[in-house]
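Structure at a glance
So you can see what is in the structure, the chains are spelled out below.
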Amino acid sequence: MHQFPRVHRLPPYVFAQVNELKMKLRHQGDDVIDLGMGNPDMPTPQHIVDKLCEASRKAVNHRYSASKGIKGLRKAIADWYANRFEVEIDPDMEAVVTMGAKEGLSHLALVMLQPGDVVFAPDPSYPIHPYASIIAGADVRRIPIGAGRDFIEDLEMAVRQTWPKPKLLVINFPHNPTTQCVDVDFFQKIVDFAKEHGIWVIHDFAYADFTFDGYEAPSFLQAKGAKDVGVEFFSLTKSYSMAGWRVGFCCGNKDMVQALTRIKSYLDYGIFQPIQIAASVALNGPQECVREIMDVHQDRRDALIEGLARIGWEIPKPKATMFAWAEIPDQFKHLGSVEFSKLLLRECKVAVSPGLGFGQYSDDHVRFALVENRQRINQAVRNLKNVIGG
């Protein structure tokens, strides 16, 4: 491995330790309730699957596609932004289809950054947000995020203390893993900050639809001047339960979008065309299915939060995302998040994600994913009572 410098910069995957124990227990025949990985468990809505099947039967769709995405899907993306957020997107210059947000974000970092560049990323964060830049050879400075902190103030302090000045800021709201939510005014401050300091912005909008209790998540591109400084990624993974389909898109600043489009033209021939056609139907078609998916997850959220409260583990009720961010009870904090997660696996047969996997500032938290049905979540709470409530 030491011969491959980009791989050498990647630390051991923290989640692997918990996953290894989880698989060992399952091989022993234990019934593990997996609330770790955010892997959607609900089926893709039937009308989207039907369109995939229909398009797949046409031989013309079996050929190479376009690396930037077919015209119909890019038009659907522009319409989605116009209808949802009243944001105008030029489907030819300001939109590119990606193989999920993770691939697009990684390749955009690769084309934008070079060794010596500095990138700001929240801590904790979804791992690809800092590591896309690290893989590209850049240096990442972690900006703490969470309860009791002012992210904008922390950004201002960090930029004063950093040399060379940062080139890129990667953000994600609603936020994974902390579930923190923001409004358009927050994004306006980000745009103003980026313009003042000459910084590009990438916003991962994976949980645009995963909102509860009347909260509506704003788009970064709704802020005045946002397209001057940045782009936004969206994936159909969560909203339409299309995780394995691997389809998303990047919209916004035309220079950034065209840079991503160009590098992708060297790397791939685009997503299988029937998937893109079905994705167009997902964005343009009836949206009741999205709300149905959200309602199921809101019910799961309530079951988890209320259940944990009954056994003495009080955690905030998230307004968005498919996660709950839980501070480790005081009596177990000395273990750290990895050993605490292993304890829950061994003693309760419940898998969660250790906070340390999301950054150095979150070793006192674990993340629950709402990827099991209400009955399984209730069973998880009963199992957890043996340790938490005991």
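Presented here is a report on the structure given in the accompanying data block.

**Observations concerning the overall build of the chain**
Within the chain one finds 15 helices and 12 strands. C-alpha atoms of the chain, sized along the principal axes, occupy 60 × 55 × 50 Å. Per-residue burial over the chain gives 57% buried out of 390 residues. Long-range contacts, defined here as pairs at least 24 residues apart, represent 75% of the contacts in the chain between residues at least 6 apart. For the chain, the exposed surface amounts to about 17,200 Å²; the carbon and sulfur share of it is 51%. Here the chain holds 45 positive side-chain charges and 47 negative ones, and the gap between their average locations is 5 Å.

**What to know about the sheet that holds strand S11 (residues 353-354)**
What the three strands build is an open sheet, ordered S9-S12-S11; its pairing is antiparallel. One side of each edge strand has no neighbouring strand; the edge strands of this open sheet are strand S9 (323-327) and S11. Relative to strand S12 (residues 365-369), S9 runs antiparallel, the two being bridged by five bridges. When the bridges of S12 are listed, glutamate 327 appears paired with histidine 365.

**So, the packing of helix H7 (residues 151-161) against helix H8 (residues 184-197)**
Where H7 meets H8, the axes come as close as 11 Å, and the angle between the chain directions of the two elements is 10 degrees. One way to sum up the angle between H7 and H8 is to call them roughly parallel. Residues Phe151, Ile152, Leu155, Glu156 and Val159 of H7 lie in contact with H8, whose contacting residues are Phe186, Lys189, Ile190, Phe193, Glu196 and His197. Considered class by class, the residues forming the contact of H7 with H8 number seven nonpolar, one polar and three charged.

**Some remarks on helix H6 (residues 128-135)**
Counting buried residues in H6 gives six out of eight residues, a clear majority hidden from the surface. Three or more residues of H6 are buried, namely Ile128, His129, Pro130, Ala132, Ser133 and Ile134. Of the surrounding elements, those touching the buried residues of H6 are helix H5 (100-112), strand S3 (118-123), strand S4 (139-144), strand S5 (168-172) and strand S6 (200-204). Positive backbone phi, at 100 degrees, marks glycine 137, one or two positions downstream of H6.

**Regarding the pattern of salt bridges**
By the definition in use, this model includes 25 salt bridges. Between glutamate 103 and lysine 264 there is a salt bridge whose closest N-O contact spans 3.3 Å. You can see glutamate 103 sitting in helix H5 and its partner lysine 264 sitting in helix H11 (residues 254-267), a full 161 residues away along the chain. Taken individually, glutamate 103 and lysine 264 each receive the classification buried, so the pair is uniform in this respect.

Rules used throughout
- Residues numbered from 1 in each chain as written.
- Predicted model: local features only at pLDDT ≥ 70, side-chain atom pairs only at ≥ 80, totals over all residues.
- Heavy atoms only, no water.
- Helix = DSSP H or I, 4+ residues; strand = E, 2+ residues; numbered from the N terminus.
- Buried < 20%, exposed > 50% of the residue type's maximum accessible area, 1.4 Å probe, protein only.
- Contact = heavy atoms within 4.5 Å.
- Areas by Shrake-Rupley, 256 points an atom, 1.4 Å probe, with all protein chains shown as cover.
- Lys, Arg positive; Asp, Glu negative; His and termini not counted.
- Charge placed at Lys NZ, Arg CZ, Asp CG, Glu CD.
- Pairing = 2+ DSSP bridges.
- Axes fitted to C-alpha atoms, helices over the stretch in contact; angles between N-to-C directions.
- Parallel < 35°, antiparallel > 145°, perpendicular 65-115°, else oblique.
- Nonpolar A, V, L, I, M, F, W, Y, C, P; charged D, E, K, R; others polar.
- Salt bridge = Lys/Arg side-chain N within 4 Å of Asp/Glu carboxyl O.

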